[in-house]
Amino acid sequence: MTTQSAERIGGWLLAPLAWLLVALLSASLAILLYVGVVVSPQALANLKALTPTNLSLWVVSALFAVAMWCYTLWLTAAFFKRRSLVPKHYIIWLLISVLLAVKAFAFAPVSDAIAVRQLIFPLLATAILVPYFKRSARVKRTFVNP
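First, a word on scope: everything that follows refers to the structure included in this document.

Moving on, we get to the overall build of the protein chain. On a plain count of helices and strands, the protein chain comes out with 6 helices and 0 strands. Sequence-ordered secondary structure for the protein chain, helices as α and strands as β, is α-α-α-α-α-α. Taken over the C-alpha atoms alone, the protein chain extends approximately 70 × 30 × 20 Å along its principal axes. Counting only residues that meet the buried cut, the protein chain has 29% of its 146 residues in that class.

And the structure:
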């Protein structure tokens, strides 16, 4: 009985890996910003001055940032271990990123130019990487570990 070993991560798979690592860095910086608000006395005083509705929205936003950071970290570790569930979860992760960008576009008090710029990259990455992860033979040969 012969078994094929999984291919190394290389070729076009380096682009999704780079996107994942940049997203992990970005999520880490977002977590640091949330922690900075809680640690800084002046920012904490401003946070306590918010209405209960706005405070609860801030807390929900912070929880989503932590959850996305955890999911991104887990997916990055699974990517390096070449787990077989990576393609499915990478697609889910991309779709969550698009949903978060749409949420920011629709509800954040930022200019439309900034919101569209933040929406373009997740949409473009999803449009390119989802078909690649679904159909690529390289992906099927690389992510084979249970």
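Considering the arrangement of structural elements, one finds Thr-126 in helix 5 (residues 112-135). Judged by its relative accessible area of 12%, Thr-126 falls in the buried class. Reaching out from Thr-126, the side chain makes a polar contact with the backbone oxygen of Pro-122 at a distance of 2.7 Å. Those residues in contact with Thr-126 that lie beyond four places of it in its chain are Leu-94, Leu-95, Val-98 and Pro-131.

Core analysis: the biggest nonpolar cluster contains 20 residues, and Leu-13, Phe-79, Tyr-90, Trp-93, Leu-94, Phe-133 and Phe-143 have the highest contact counts within it. Put simply, the parts of the chain that give this core at least two residues each are helix 1 (14-39), helix 3 (52-81), helix 4 (86-107) and helix 5. Among residues more than four places away in sequence, those in contact with Leu-94 are Trp-19, Ala-125, Thr-126, Leu-129 and Val-130.

Here the focus is helix 4. Under the 1.5 Å per step criterion, the end-to-end length of helix 4 is 31 Å for 22 residues, consistent within 8% with the ideal 32 Å. Buried within helix 4 we find Val-86, Pro-87, His-89, Tyr-90, Ile-91, Trp-93, Leu-94, Ser-97, Val-98, Ala-101 and Ala-104. Against helix 1, helix 3, helix 5 and helix 6 (137-142) lie the buried residues of helix 4.

Cut-off values and rules
Residues numbered from 1 in each chain as written. Predicted model: local features only at pLDDT ≥ 70, side-chain atom pairs only at ≥ 80, totals over all residues. Heavy atoms only, no water. Helix = DSSP H or I, 4+ residues; strand = E, 2+ residues; numbered from the N terminus. Buried < 20%, exposed > 50% of the residue type's maximum accessible area, 1.4 Å probe, protein only. Polar contact = N/O pair within 3.5 Å; in protein donor to acceptor, adjacent residues only side chain to side chain. Contact = heavy atoms within 4.5 Å. Core = buried A, V, L, I, M, F, W, Y, C linked by side-chain atoms within 4.5 Å. Expected span 1.5 Å × (residues − 1).

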